Amino acid sequence: MEDEVDRLVAAWRRERPDIDVEPLEVLSRVSRLARHLDRARRLVFAEHHLEPWEFDVLTALRRAGSPYQLSPGQLLTQTLVTSGTMTNRIDRLAKKGLVERLPDPNDRRGVLVRLTVTGQRHADGALSGLLAQERALLGGLTGAQRRELAALLRHLTAPFDNTPA
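Computed from a predicted structure; not experimentally measured.

**A word on the packing of helix H3 (residues 52–63) against helix H5 (residues 83–95)**
So, step 1. Where H3 meets H5, the axes come as close as 11 Å, and the angle between the chain directions of the two elements is 90°. Compared by their axis directions, H3 and H5 come out roughly perpendicular. Each of Trp 53, Glu 54, Val 57 and Leu 58 in H3 lies in contact with H5, whose residues at this interface are Met 86, Arg 89, Arg 92 and Leu 93.
So, step 2. The residue inventory of the contact of H3 with H5, partitioned by class, reads five nonpolar, no polar and three charged.

Have a look at this one:
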């Protein structure tokens, strides 16, 4: 089976036989797959009236477990955005009734962001839809192939995820 990356790699090998284009065989596929995944995710999130960034924040809170709350700093760590961006996102989610701000009982100056019941419903529904889409995207692989691919990708991503920003 041939794909678009095979065609572009063959063209580069023809045009530039003096360079090693092997990295394109892996990383161009990862990049193309990321674009397809982004499209699929946006469709699922739109069905649940969410933007991708909203899903990220809501699911960070949902994964925190009951009472589904985190500090803005913890949300920053999990979503990899700036403080100003997070403040804006929390404001927008609060206006939609998906989160609420509460005083932090351990820090008089601090706040906690808590998922509302409506926010939890949106997060859970979008997650179910997302997992169905992602299962479909991986449908051509066996369970063993999915586990092997996950392990190989972990080798590539772990250094980024475990290096302080």
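**A short note on unusual backbone geometry**
Most peptide bonds take the trans form, and the phi angle of most residues other than glycine is negative.
So, step 1. Omega for the bond connecting Ser 66 with Pro 67 falls within 30 degrees of zero, at 10°, which places this linkage in the cis form.
So, step 2. Among the structural elements, Pro 67 can be located in the loop between H3 and strand E1 (69–70).
So, step 3. Not every positive phi belongs to a glycine, and His 49 is a case in point at roughly 60°.
So, step 4. Tracing the chain through its elements places His 49 in the loop between helix H2 (22–47) and H3.
So, step 5. Despite not being glycine, Leu 80 shows a phi value in the positive range, around 55°.

**Observations regarding the nonpolar core**
Within soluble globular proteins, side chains that are nonpolar generally end up buried alongside one another.
So, step 1. Residues Phe 45, Leu 58, Leu 61, Leu 75, Leu 93 and Val 99 are the most contacted members of the largest nonpolar core, which totals 22 residues.
So, step 2. In terms of residue count, the dominant contributor to this core is H3 (six residues).
So, step 3. Once you skip the residues sitting within four places of it in the chain, Leu 75 turns out to touch Val 57, Ala 60, Leu 61, Leu 70, Met 86, Ile 90 and Val 113.

**Focus: the UniProt feature "domain: HTH marR-type" (unreviewed entry) in the protein chain**
So, step 1. The feature "domain: HTH marR-type" (unreviewed entry), as annotated in UniProt, sits at residues 23–158 in this numbering.
So, step 2. The distance separating the terminal C-alpha atoms of residues 23–158 is 19 Å; by composition the span is 70% helix and 12% strand.

**Points about the pattern of salt bridges**
So, step 1. Per the stated rule, a full pass over the model turns up twelve salt bridges.
So, step 2. The residue Arg 29 makes a salt bridge to Asp 6 at a minimum N-O spacing of 2.7 Å. In this pair, Arg 29 sits in helix H2 while Asp 6 sits in helix H1 (residues 4–15), placing the two residues 23 residues apart along the sequence.
So, step 3. When its relative accessible area of 24% is taken as the criterion, Asp 6 is described as partly exposed.
So, step 4. Two residues, Arg 16 and Asp 18, come together in a salt bridge whose shortest N-O distance is 2.7 Å.
So, step 5. Here the salt bridges share partners, and the residues they tie into one network are Glu 2, Glu 4 and Arg 7.

**Quick word on H3**
So, step 1. When the terminal C-alpha atoms of H3 are compared, their 16 Å separation across twelve residues agrees well with the 16 Å that a helix rising 1.5 Å per residue should span.
So, step 2. Among the twelve residues that make up H3, nine are buried, leaving the element largely enclosed by the rest of the structure.
So, step 3. Within the span of H3, buried status applies to Pro 52, Trp 53, Glu 54, Phe 55, Val 57, Leu 58, Thr 59, Ala 60 and Leu 61.
So, step 4. Positioned one or two residues after H3, Gly 65 has a phi angle of 80°, which is positive.

**Things to note about the domain arrangement of the protein chain**
When the parts of a complex come together, some accessible area is lost, and that lost area is often used as the size of the interface.
So, step 1. Taken domain by domain, the protein chain holds domain 1 (1–48) and domain 2 (50–135).
So, step 2. In total, domain 1 and domain 2 occlude about 880 Å² of area from one another, counting both sides; carbon and sulfur atoms represent 67% of this.
So, step 3. If you sort the residues of domain 1 by the area they bury against domain 2, Val 44, Phe 45 and His 48 come out on top, with a joint share of 68%.
So, step 4. Summed over the shared surface of domain 1 and domain 2, the result is one salt bridge.
So, step 5. Of the charged contacts in the structure, one is a salt bridge between Arg 41 and Glu 134, with a shortest N-O distance of 2.7 Å.
So, step 6. Where domain 1 packs against domain 2, one counts five residue pairs in polar contact (both at pLDDT 80 or more).
So, step 7. Broken down by class, the residue content of the side of domain 1 that touches domain 2 amounts to five nonpolar, one polar and two charged.

Definitions and cut-offs
- Residues numbered from 1 in each chain as written.
- Predicted model: local features only at pLDDT ≥ 70, side-chain atom pairs only at ≥ 80, totals over all residues.
- Heavy atoms only, no water.
- Axes fitted to C-alpha atoms, helices over the stretch in contact; angles between N-to-C directions.
- Helix = DSSP H or I, 4+ residues; strand = E, 2+ residues; numbered from the N terminus.
- Parallel < 35°, antiparallel > 145°, perpendicular 65-115°, else oblique.
- Contact = heavy atoms within 4.5 Å.
- Nonpolar A, V, L, I, M, F, W, Y, C, P; charged D, E, K, R; others polar.
- Core = buried A, V, L, I, M, F, W, Y, C linked by side-chain atoms within 4.5 Å.
- Buried < 20%, exposed > 50% of the residue type's maximum accessible area, 1.4 Å probe, protein only.
- UniProt positions renumbered as here; feature names shortened; annotations may be inferred.
- Salt bridge = Lys/Arg side-chain N within 4 Å of Asp/Glu carboxyl O.
- Expected span 1.5 Å × (residues − 1).
- Domains from an automatic or database assignment.
- Buried area = accessible area lost by both parts, 1.4 Å probe.
- Polar contact = N/O pair within 3.5 Å; in protein donor to acceptor, adjacent residues only side chain to side chain.

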